[in-house]
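Listed here are the chains, written in short residue letters.
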Amino acid sequence: MMLALPRRWSTRLALSFLLVLSMLAVVAPWLPLADPAAIAPQDRLQNPAWIDGPVLGTDAKGRDLLARVIYGARISLAVGLLGSLVAILIGLPYGALAGMRGGRTDRLLMRIADFLEGIPLAVVIVFLLSVLQAYRGELAAIGLGRIHVFFLAVGMLFWLPTARIARAEALRLSKMPFVEAAQTAGLGSWGLMCQHYLPNLLPSALVMLGLTLPRVVLMEAFLSFLGLGVEAPNVSWGLLAADGLAAMNPLVDSGYLLGIPAAFLALTLLSLNLIADAARDRISGVRRN
Amino acid sequence: MSALLRRLIALAITLWAVHLTTFLLLRAAKGGPFDEARSLPPEVEVQLRAEFHLDDPLLQQYLRALVGALRGDFGPSLRYREVRVTEILGDALPVSLGLGLGALVLALLLGIPAGLYAALAQRGPVDGLIRALATLLLSVPNFVIAGLAIAWFSFGLGWFPPAGGHGLSSFVLPCICLALPTAAQLTRLSRSAALEVIDGEGPRAALARGLEPNQVRSQHVLKPALAPILAFLGPTSAALLTGSLVIEQVFALPGLGTHFVQAALNRDYTLAVGITVCYTALLGALTLLADWAMSRVDPRVEALSG
């Protein structure tokens, strides 16, 4: 039921777009694309094919924009997915624990969540990322690149809403007869959590994924734009858009450098938002049209 | 203890925690603000470190910072050594406040009427149009909106300057770019809040009592729908703060956001700590204000004044 095809055509279209895009992103290394990082000054700022030139043109350093957009999709989508998973891995057990225990534990955990909500977390994350910048050597030694740190940081930013959803759901579960029965039969907290709460929270985890994905993808773009996210030679859409914005000037018509990655970013976010809406409808149980 | 006092204490604790965390985070960062591209002679660096007390025991450094912060003094900027952080904050805060408040007002003025109108025109083509537009706007990052706005209105039409913080005209585009995604969010929120009320018993009962539809709309739909919208003002302000980091950067406005990103990149400890605390205080004040407004609209909410 949870995995049934969405009913609205817009949601279906969004899903198809994302599927095609993800597939392109996955098979990118085997596609006949130019090297996304190959600098070719003689080819700089070639117009896209609809004017005259390579399919999507080249950027200010002569790199092929089509290749960069598709390789950018790899990073942007991977960050979105992994960042959301981190958020769920933190938020789901946290909320489930609060909802399962209730009483004092619940109040304490939710007080902490309220407290964290009062902090401009994005600002703290910018802070954290810039501090970790200094430790890249040590992090690389234990096999962590900047991108991994990035997944963690973004996940930390978005776990609060998932925790709230998980808590509400766990609270509902705690009043269910089968849970009460298990409790009466003497199943401990750990057993209850593993056998009853977590498995029954999995469907809402899917909803959480739907709700978190667009925010994380947007956040990646935002941080990469500020120069604190993905960095060269990797490419992401946020980075491409930042390049496009930097290359913009009133004399050379290079708007496509901003426009093309921005269009991909916007279409992806639009699709993700449409799916998030569908997910939200499922969780509230009512369909408003 | 009154609710307001409790909230103020909570805010004070939050501010302290943020100050402590940022302080420790930055002290944990390897390398100081003085080891940039061109390295200083060792004697000079020793003298600088002494001047800024960077070699004192950590606790002593922290206490000094805390006492200073309590008096509203975050010490000298490590990057611009002649300038105190408080001076930078004093210059940057009005810029950011002007931008943020302008965007907030614009977002409220655009978002709430659009959402309420959509809710009242339920299922009509106007509703569909407003919703589609809101979802679309929500999906375009604000720096992209900013880029397009600069391309069209600054380079193309020449109506507004593309950058700089001089005069009101340089605030028009940043305000709009910052407000649009928030306006979209508010539109969706007010629409669903109003629908919630419309679907409930209240308006029907009012109609049954023979009230005029217009009266029902203003008294029994709009007013109760305002509470969840106001509840969202806290997160909205947070979103505006986050957004302003980028928008200030794009339009080269000398506000808190621009200074913060630069300070983070340059490891200007004192400035970054000062701005983070300032941001937290702003967010706390706005959330408090939003909750107070909500308690005025919705009698079920615990009043902050009493």
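Residues numbered from 1 in each chain as written. Chains lettered and ligands numbered in written order. Predicted model: local features only at pLDDT ≥ 70, side-chain atom pairs only at ≥ 80, totals over all residues. Heavy atoms only, no water.

A. Layout of the overall build of chain A. Counting its secondary structure elements, chain A contains 11 helices and 0 strands. Going from N to C terminus, chain A has its helices and strands arranged as α-α-α-α-α-α-α-α-α-α-α. Contacts in chain A between residues at least 24 apart in sequence constitute 72% of all its contacts with a sequence separation of at least 6. For chain A, the accessible surface area stands at approximately 13,700 Å², while carbon and sulfur atoms represent 67% of it. (Helix = DSSP H or I, 4+ residues; strand = E, 2+ residues; numbered from the N terminus. Contact = heavy atoms within 4.5 Å. Areas by Shrake-Rupley, 256 points an atom, 1.4 Å probe, with all protein chains shown as cover.)

B. Structural detail: the overall build of chain B. Summing up its helical and strand segments, chain B has 12 helices and 0 strands in all. Counting over 306 residues, chain B shows a buried share of 45%. Across chain B, every contact between residues at least 6 apart in sequence was considered, and the portion connecting residues at least 24 apart equals 72%. Of the roughly 14,800 Å² of accessible surface on chain B, 66% is carried by carbon and sulfur atoms. (Buried < 20%, exposed > 50% of the residue type's maximum accessible area, 1.4 Å probe, protein only.)

C. Looking closely at unusual backbone geometry. Phi is positive for Ala252 of chain B, which is not a glycine, with a value near 50°. The topology assignment puts Ala252 of chain B in the loop between α10 (233-250) and α11 (256-266).

D. Summary view of helix α1 (residues 3-28) of chain B. Under the 1.5 Å per step criterion, the end-to-end length of α1 of chain B is 37 Å for 26 residues, consistent within 8% with the ideal 38 Å. Tucked into the core, α1 of chain B has its buried residues touching α3 (103-117) and α4 (121-133) of chain A together with α3 (58-70) and α12 (269-297) of chain B. (Expected span 1.5 Å × (residues − 1).)

E. Region of the structure containing the interface of chain B and chain A. Opposite the 46 residues of chain B that make contact, chain A presents 38 residues. Counting each side, the surface lost to burial between chain B and chain A is near 3,600 Å², with a carbon and sulfur contribution of 77%. Scanning the region where chain B abuts chain A turns up 0 salt bridges. Counting every contact that joins chain B to chain A gives 2 residue pairs in polar contact (both at pLDDT 80 or more). When residues in the side of chain B that touches chain A are grouped by element, the largest group, 8 residues, is from α1 of chain B. Looking at the side of chain B that touches chain A residue by residue, the class counts come to 29 nonpolar, 9 polar and 8 charged. (Buried area = accessible area lost by both parts, 1.4 Å probe. Salt bridge = Lys/Arg side-chain N within 4 Å of Asp/Glu carboxyl O. Polar contact = N/O pair within 3.5 Å; in protein donor to acceptor, adjacent residues only side chain to side chain. Nonpolar A, V, L, I, M, F, W, Y, C, P; charged D, E, K, R; others polar.)

F. Looking closely at the side chain of Thr162 of chain A. Residues and elements named next belong to chain A. Structurally, Thr162 can be placed in helix α7 (residues 159-174). At 2.5 Å, the side chain of Thr162 and the backbone oxygen of Trp159 are in polar contact. Among all residues touching Thr162, those that are not within four sequence positions of it are Ala87, Ile88, Gly91, Met208 and Thr212.

G. Structural view of the nonpolar core. Counting 152 residues, the largest nonpolar core has Leu223 of chain A together with Phe143, Val250, Phe251 and Phe260 of chain B as the members making the most contacts within it. Per element, the largest residue contribution to this core is 17 residues, and it comes from helix α9 (residues 189-225) of chain A. Here this core gathers at least three residues from each of two domains, domain 1 (3-70) and domain 2 (87-297) of chain B. Residue contacts for Leu223 of chain A: discarding those within four places in its chain leaves Ile125, Val126, Leu129, Phe150, Val154, Leu228 and Gly229 of chain A. (Core = buried A, V, L, I, M, F, W, Y, C linked by side-chain atoms within 4.5 Å. Domains from an automatic or database assignment.)

H. Structural context of a nonpolar patch on the surface. Nonpolar side chains collect at one region of the surface, where Leu5, Ile9, Ile13 and Trp16 of chain B lie side by side and expose about 380 Å² of accessible area between them. On the secondary structure map, Ile9 of chain B appears in helix α1. (Patch = residues over 30% accessible without salt bridge, like charges linked within 9 Å, V, L, I, M, F, W, Y side chains within 5 Å.)

I. Main features of the side chain of His19 of chain B. Along the polypeptide, His19 of chain B turns up in helix α1. When neighbours within four sequence positions are excluded, His19 of chain B is seen to be in contact with Tyr62, Ala65, Leu66, Ala69, Phe74, Val273 and Val277 of chain B.

J. Inspection of the confidence of the model for chain A at higher detail. Looking at chain A, the pLDDT average stands at 77 and 80% of residues meet or exceed 70. When mean pLDDT is taken per element in chain A, helix α2 (residues 65-101) of chain A scores highest with 86 and helix α5 (residues 136-141) of chain A scores lowest with 70. (pLDDT = per-residue confidence, 0-100.)

K. Inspection of the packing of aromatic side chains at higher detail. Residues and elements named next belong to chain A. In the structure shown here, the tally under the stated rule is 5 aromatic pairs over all chains. Ring centres of Tyr94 and Trp159 lie 4.8 Å apart, and the angle between their planes is 70°; this geometry places the pair in the edge-to-face category. Linking Tyr94 in helix α2 with Trp159 in helix α7, this pair joins segments that are 65 residues apart in sequence. Assessed through its relative accessible area of 17%, Tyr94 is described here as buried. (Phe/Tyr/Trp six-rings, centres within 6.5 Å; stacked < 30°, edge-to-face > 60°.)

L. Local environment of the pattern of salt bridges. Residue and element names in this part refer to chain A. Within this structure, the stated rule accounts for 5 salt bridges over all chains. The partner of Asp114 in a salt bridge is Arg164, with the nearest N and O atoms 3.0 Å apart. Placement of the pair is Asp114 in helix α3 and Arg164 in helix α7, with a sequence separation of 50 residues. Assessed through its relative accessible area of 43%, Asp114 is described here as partly exposed. Between Arg172 and Glu169 there is a salt bridge, with the nearest N and O atoms lying 2.7 Å from each other. One end of the pair is Arg172 and the other is Glu169, both in helix α7 and 3 residues apart, which spans about a single turn. In this structure Arg172 comes out as partly exposed when scored by relative accessible area, which is 43%.

M. View of the packing of α1 of chain B against α12 of chain B. Residues and elements named next belong to chain B. It is at 9 Å that the axes of α1 and α12 come closest, and there the two elements cross at 160°. As far as their axial angle goes, α12 and α1 are roughly antiparallel. Read as a crossing pair, α1 and α12 show a hand that is right-handed. On α12, the residues that touch Leu4, Arg7, Leu8, Leu11, Thr14, Leu15, Val18, His19, Thr22, Phe23, Leu26 and Arg27 of α1 are Tyr269, Ala272, Val273, Thr276, Val277, Thr280, Ala281, Gly284, Ala285, Thr287, Leu288 and Asp291. Tallied by class, residues from the contact of α1 with α12 come to 14 nonpolar, 7 polar and 3 charged. (Axes fitted to C-alpha atoms, helices over the stretch in contact; angles between N-to-C directions. Parallel < 35°, antiparallel > 145°, perpendicular 65-115°, else oblique. Left-handed = near helix turned anticlockwise from the far one by under 90°.)

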